[in-house]
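Chains, contacts and geometry: an overview
The primary structure of each chain is shown beneath.
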Amino acid sequence: MRLMKLNSGFLAHDDGDNKLLVSTGATKFSGLVRSNETAGFIIECLETETTEDEIVAKMQKKWDVSDEIARRDVRKVVEQLRGIGAIDE
């Protein structure tokens with residue numbers, strides 16, 4: 001399983017209701033990403049080097065969710081973050 005981490009060109013910020021991911025301008029993507037609680041949790045996990053399996057396990061510990069659903073959510077969010085260059089692998 002590959003290690004991944006949030007790209008240093010992005011900053012995660014919690015505004016109380018949402019987790020925001022803000023580009024510092026050092027990436028091709030410029031702007032901000034507003035996320036729901038699940039995506040915000042995944043982004044928090046990516047603030048340190050981690051794997052998909054580790055994020056899935058943390059989600060299952062936090063919420064009563066099946067491996068299948070947790071893995072689907074992680075893959076969806078990670079693919080979206082990859083699409084804007086927000087993940088280093």
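Refer to the structure printed above.
This section reports on the structure supplied with the text.

1. Side note on the nonpolar core
By size, the foremost hydrophobic cluster in this structure holds 21 residues, and its most contacted members are Leu21, Ile42, Leu46, Ile55, Met59, Val74 and Leu81. The set of elements that each furnish at least two residues to this core consists of α1 (37-45), α2 (52-62) and α3 (67-83). In contact with Ile55, other than residues within four places in its own chain, are Met4, Ile42, Cys45, Leu46, Thr50 and Val74.

2. Considering the pairing of strand β3 (residues 19-23)
With 4 of its 5 residues buried, β3 lies for the most part within the structure. Sheet analysis places strand β2 (residues 10-14) next to β3, joined by 5 bridges and oriented antiparallel. In the sheet register, Leu11 faces β3, and the bridge partner there is Val22. Counting the residues in the hairpin turn of β2 and β3 gives 4 residues, including Gly16, whose phi is positive at 100°. Pairing of β3 with strand β4 (residues 32-35), which is carried by 4 bridges, proceeds in the antiparallel orientation. Note on β4: the bridge partner recorded for Lys19 is Ser35.

3. A look at α3
Taking 1.5 Å as the rise per residue, α3 with 17 residues should run 24 Å; its terminal C-alpha atoms sit 24 Å apart, in good agreement. All buried positions along α3 are accounted for by Ala70, Arg71, Asp73, Val74, Val77, Val78 and Leu81. The buried residues of α3 occupy one face: seen down the axis, they fall within an arc of 165°. In α3, the exposed residues that point more than 90 degrees away from the buried face are Glu68, Arg72, Lys76 and Gly83. Check the buried side of α3 and you find it contacts β3, α1, α2 and β5 (87-88).

Scoring rules and cut-offs
Numbering of residues starts from 1 in each chain and follows the order in which that chain's sequence is written. For a predicted model such as this one, the threshold for reporting local features is a pLDDT of at least 70, and the threshold for listing and counting side-chain atom pairs is 80 or more; totals across whole chains, interfaces and linings nevertheless cover every residue. Neither water nor hydrogens contribute to the side-chain values; these are computed over all heavy atoms in the structure. For the purposes of this section, nonpolar cores are sets of buried Ala, Val, Leu, Ile, Met, Phe, Trp, Tyr and Cys residues that join through side-chain atoms within 4.5 Å. With a 1.4 Å probe rolled over the protein chains alone, any residue whose accessible area is under 20% of its type maximum counts as buried; one over 50% counts as exposed, and the rest are partly exposed. A helix here means a DSSP run of H or I that spans at least four residues, while a strand means a run of E at least two residues long, and both kinds are numbered starting from the N terminus. Note on contacts: a residue pair is in contact if any heavy atoms of the two residues lie within 4.5 Å. In this description, strands pair whenever DSSP reports at least two bridges between them. By definition here, a helix of n residues has an expected span of 1.5 Å times n minus one. Each direction from the helix axis to a C-beta atom contributes to the arc, which is the arc of those directions.

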